[in-house]
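# Topology and contacts: notes
Residue strings, one per chain:
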Amino acid sequence: MDDLTCIIIGGGYAGLKALKQIQETTRDMANGRRIRFVLVDKQPGHLRKLRLFRPTTVEEEIMIPWNDLNLGEFEFVQGTVTSVDSEEKWFQYVDVQGNDAQIHYDLLVVAVGSTVRRPDTDQGGIALTDQQSAADIRERWHVNLRKAADETNPEEQKRLMTIAVAGAGISGIETSAELALSMQKEAAALGLNSSNVSVYLLNSQEQLLPGVSEKFRRKLDQELNKCGVTALYNRKAIREETGEVTLNNGDSLKVGLLIWMIGLLPNPALRGMGLPITPDGQVLVDECYRVQGAPGVYSIGDCARIVDPKTDKAEQKTCFEAGIQGIRLGKIVSADLEGQLAPIHKASKSNMDVYNIGLGQKGVFWIRKWGIDMVMTGKTPGKLKKLVEDKASYLR
């Protein structure tokens, strides 16, 4: 009998988890037929998006070759998927040479994730979107500090030693802390007063991370302050021009650099694939992650509209949620192949709330379960976060 072909589109955290779990639950076989796994991604390796903030301060490689990942046997195809024919079970893609090609599938998992929301071109600043923008940010603040070391005007020196991060989600929090700590260290090495380094975290909301406990929020704000980050609430950046950031309340900040981190959007490539999507661009799936009207096609992660059937609450866009979805998808695919009842989605954090946020080499860990509200700070949360990130990327 011919092999079954299982295609995973997207080699991010959700795609890798889906690949690993389907391999394990099926043991590479279905009804006596071997399953051939193919991973399709436009990148030459796995991009560790959770560590995208690291290259803003140090030269760290966050693109991992596929062969260096601890996964089962699979083939890799580098290309960008352009359309899916769910009736004939083919998908088309453009390879790295720009040629059109197509592959037949029996099972297809769409896990193309999300993209970073970008500001308009006239809003100035720089958006942290990829490795190159991270490297550009690192070069910009290094240049600014070197200029500050030679600057005799105190106000201009202060401006050159100031960064504003627009967007106070988890990525914005972690990036601002990493920058503040690294800039202080570099400023001291250049003979500057490190206390003159200022990093402002601009939060358009009244508080950090809606939905968490006040205890955790207060501790997180304290730890950010220790790092040298000042969180400004109800403050939204409008634009940056010639070193001045205009805020929504009419105030302004003089900065050497404005970094935009204003959230995520479903991968725009989804709109051309021919799959059913929501108005905002997410794939429509049922409670078992099956794409509506497309037999054999599943979708998880940021790109899918996944709703808890009991609460009607949409899943959040984090690596934690993607990991839980990937585990469940392995069981769903195995059940579907065997004609058995498949498990259905339920909220990943239905029984507890948990966050672990990195602040340089340290971090803040929070868990709320059974009425217990526990917060832990220091090096242990930082080590735990890196361990989880390494596991999510299947590093050897």
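None of the values given here were measured: they were computed from a predicted structure.

## What about the sheet that holds strand β12 (residues 162-166)?
Read from one edge of the open sheet, five strands run β11-β18-β12-β13-β14, paired in parallel fashion. One side of each edge strand has no neighbouring strand; the edge strands of this open sheet are β11 (126-127) and β14 (229-233). Here β12 pairs with strand β18 (residues 257-260) via four bridges, running parallel. Paired with A164 across the bridge in β18 is L258.

## Here we look at the side chain of T57
Among the structural elements, T57 can be located in the loop between β4 (45-47) and β5 (63-65). Note on T57: relative accessible area 8%, which makes it buried. There is a polar contact of 3.4 Å between the side chain of T57 and the side chain of E178. With residues near it in sequence (within four places) discarded, T57 still touches R138, W141, H142, E178, L179 and S182.

## Notes on the sheet that holds strand β15 (residues 237-241)
With antiparallel pairing, the three strands of this open sheet are ordered in space as β15-β16-β17. The sheet is open, and its two edges are formed by β15 and β17 (252-254), each paired on a single side. Adjacent strand axes in the sheet meet at a mean angle of 20°, parallel and antiparallel pairs treated alike. By the bridge criterion, three bridges tie strand β16 (residues 244-247) to β17 in an arrangement that is antiparallel. Across the sheet, V245 pairs through a bridge with L253, a residue of β17.

## As for helix α5 (residues 214-227)
Compared with the 20 Å implied by 1.5 Å per residue over 14 residues, the 20 Å span of α5 between its first and last C-alpha is a close match. Along α5, the positions that sit buried rather than exposed are F216, R217, L220, E223, L224 and C227. Angular distribution of buried residues about the axis of α5 spans 130°; they occupy a single face of the element. Away from its buried face by more than 90 degrees, α5 exposes N225 and K226.

## Comments concerning the side chain of E240
Mapped onto the elements of the fold, E240 is located in strand β15. R140 is the oppositely charged side chain nearest to the buried, salt-bridge-free E240, at an N-O distance of 5.8 Å. A polar contact is formed between the side chain of E240 and the backbone nitrogen of G125, at a distance of 3.1 Å. In contact with E240, other than residues within four places in its own chain, are Q123, G124, G125, V245, V255 and L258.

## Details of the UniProt feature "domain: FAD/NAD(P)-binding" (unreviewed entry) in the protein chain
Residues annotated by UniProt as "domain: FAD/NAD(P)-binding" (unreviewed entry) correspond here to residues 6-306. Within the segment residues 6-306, helix and strand shares are 25% and 31% respectively, and the terminal C-alpha atoms sit 21 Å apart.

## Notes on the packing of helix α1 (residues 13-26) against helix α6 (residues 319-338)
Packed helix pairs are characterised by how far apart their axes lie and by the angle those axes make with each other. Between α1 and α6, whose axes approach to 8 Å, the crossing angle comes to 35°. Between α1 and α6 lies a crossing of right-handed hand. Between α1 and α6, the residues in contact are Y13, A14, K17, A18, Q21, I22, T25 and T26 and C319, A322, G323, G326, I327, L329, G330, K331, V333, S334 and L337, respectively. Among the residues making up the contact of α1 with α6, the classes are represented as ten nonpolar, seven polar and two charged.

## Structural notes on the pattern of salt bridges
As a working rule, side chains carrying opposite charge can pair if their charged atoms are close by. As enumerated under the stated definition, the model contains 20 salt bridges in all. In this structure, the salt-bridge partner of E139 is R146, at a minimum N-O distance of 3.8 Å. Accessibility expressed as a relative area gives 44% for E139, which makes it partly exposed. Judged by relative accessible area, R146 falls into the partly exposed class, the value being 40%. Where D286 meets R290, a salt bridge forms, and the shortest distance between an N and an O atom there is 3.3 Å. Classification of R290 by relative accessible area gives partly exposed; the value is 28%.

The rules behind these values
- Residues numbered from 1 in each chain as written.
- Predicted model: local features only at pLDDT ≥ 70, side-chain atom pairs only at ≥ 80, totals over all residues.
- Heavy atoms only, no water.
- Pairing = 2+ DSSP bridges.
- Helix = DSSP H or I, 4+ residues; strand = E, 2+ residues; numbered from the N terminus.
- Buried < 20%, exposed > 50% of the residue type's maximum accessible area, 1.4 Å probe, protein only.
- Polar contact = N/O pair within 3.5 Å; in protein donor to acceptor, adjacent residues only side chain to side chain.
- Contact = heavy atoms within 4.5 Å.
- Axes fitted to C-alpha atoms, helices over the stretch in contact; angles between N-to-C directions.
- Expected span 1.5 Å × (residues − 1).
- Arc of directions from axis to C-beta.
- Lys, Arg positive; Asp, Glu negative; His and termini not counted.
- Salt bridge = Lys/Arg side-chain N within 4 Å of Asp/Glu carboxyl O.
- UniProt positions renumbered as here; feature names shortened; annotations may be inferred.
- Left-handed = near helix turned anticlockwise from the far one by under 90°.
- Nonpolar A, V, L, I, M, F, W, Y, C, P; charged D, E, K, R; others polar.

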